[in-house]
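This is what each chain is made of:
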Amino acid sequence: MLKKIMHALMALAVVLGIAASMSAPAEAHRRGGLAAGVAVGTLLGLGIAGAYAGPRYYGYGECYRGPRQCNWVGRSCWYNRFGEYVCRGGEYRCWRPRICD
């Protein structure tokens, strides 16, 4: 998650840098401010859309769902007076544990 936030912040910094370098000094009877605003907004929107639609892959340090495991959950077990191991209650559930490298 932190990696995605940092990529978005870097893209924003690049867009703001480009916008600052493209701005011209103010002159009378010029309407370049609106065009620059539209251009910056378009570049920012395209950058965010491209980052969101980027490839989804599991890189180093990411987590993924492991193989399916099934077992009893919430069961109480004990040895009775005859030495037998007795279990009661609970329910049988299946899940896929998260594996993080």
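Only a predicted model underlies this, so the values are computations on that prediction, with no experimental measurement involved.

A. Seen up close, the overall build of the chain. Looking only at helices and strands, the chain features 2 helices and 6 strands. Order of helices (α) and strands (β) in the chain, N terminus to C terminus: α-α-β-β-β-β-β-β. Here the chain holds 101 residues, and the buried ones make up 5% of them. Restricting to contacts in the chain with at least 6 residues of sequence separation, those with at least 24 account for 51%. With the model as given, the accessible surface of the chain reaches about 9,100 Å², and the carbon-plus-sulfur share is 61%.

B. Structural context of the pattern of salt bridges. Scanning the model with the defined rule gives 1 salt bridge in all. The salt bridge partner of R93 is E91, with a shortest N-O separation of 2.6 Å. R93 sits in the partly exposed class, given a relative accessible area of 42%.

C. Local environment of the state of the cysteines. Under the defined criterion, the tally for this structure stands at 3 disulfides. A sulfur-sulfur separation of 2.0 Å characterises the disulfide bridge that pairs C70 with C94. Between C70 and C94 the disulfide shows an S-S torsion of about 110 degrees. By sign, it is right-handed. Separated by 24 residues along the polypeptide, C70 in strand β2 (residues 69-73) and C94 in strand β5 (residues 91-95) bring together distant segments of the chain. Residue class for C94 comes out partly exposed when judged on its relative accessible area of 34%. The disulfide that involves C77 links it to C87, with 2.0 Å between the sulfurs. The chirality of the disulfide connecting C77 with C87 is right-handed, given an S-S dihedral of about 115 degrees. One end of the pair, C77, is in strand β3 (residues 76-79); the other, C87, is in strand β4 (residues 85-88), and 10 residues separate them in sequence. Take C77: its relative accessible area is 33%, and that puts it in the partly exposed class.

D. Local environment of the packing of aromatic side chains. With the rule as written, the count across this model stands at 2 aromatic pairs. Where W72 meets Y92, the ring centres are 5.6 Å apart and the plane angle is 65 degrees; that geometry is what we call edge-to-face. Residue W72 is found in strand β2, and its partner Y92 is found in strand β5; the two are separated by 20 residues along the sequence. W72 sits in the partly exposed class, given a relative accessible area of 41%.

Basis of the calculations
Residues numbered from 1 in each chain as written. Predicted model: local features only at pLDDT ≥ 70, side-chain atom pairs only at ≥ 80, totals over all residues. Heavy atoms only, no water. Helix = DSSP H or I, 4+ residues; strand = E, 2+ residues; numbered from the N terminus. Buried < 20%, exposed > 50% of the residue type's maximum accessible area, 1.4 Å probe, protein only. Contact = heavy atoms within 4.5 Å. Areas by Shrake-Rupley, 256 points an atom, 1.4 Å probe, with all protein chains shown as cover. Salt bridge = Lys/Arg side-chain N within 4 Å of Asp/Glu carboxyl O. Disulfide = S-S within 2.5 Å. Phe/Tyr/Trp six-rings, centres within 6.5 Å; stacked < 30°, edge-to-face > 60°.

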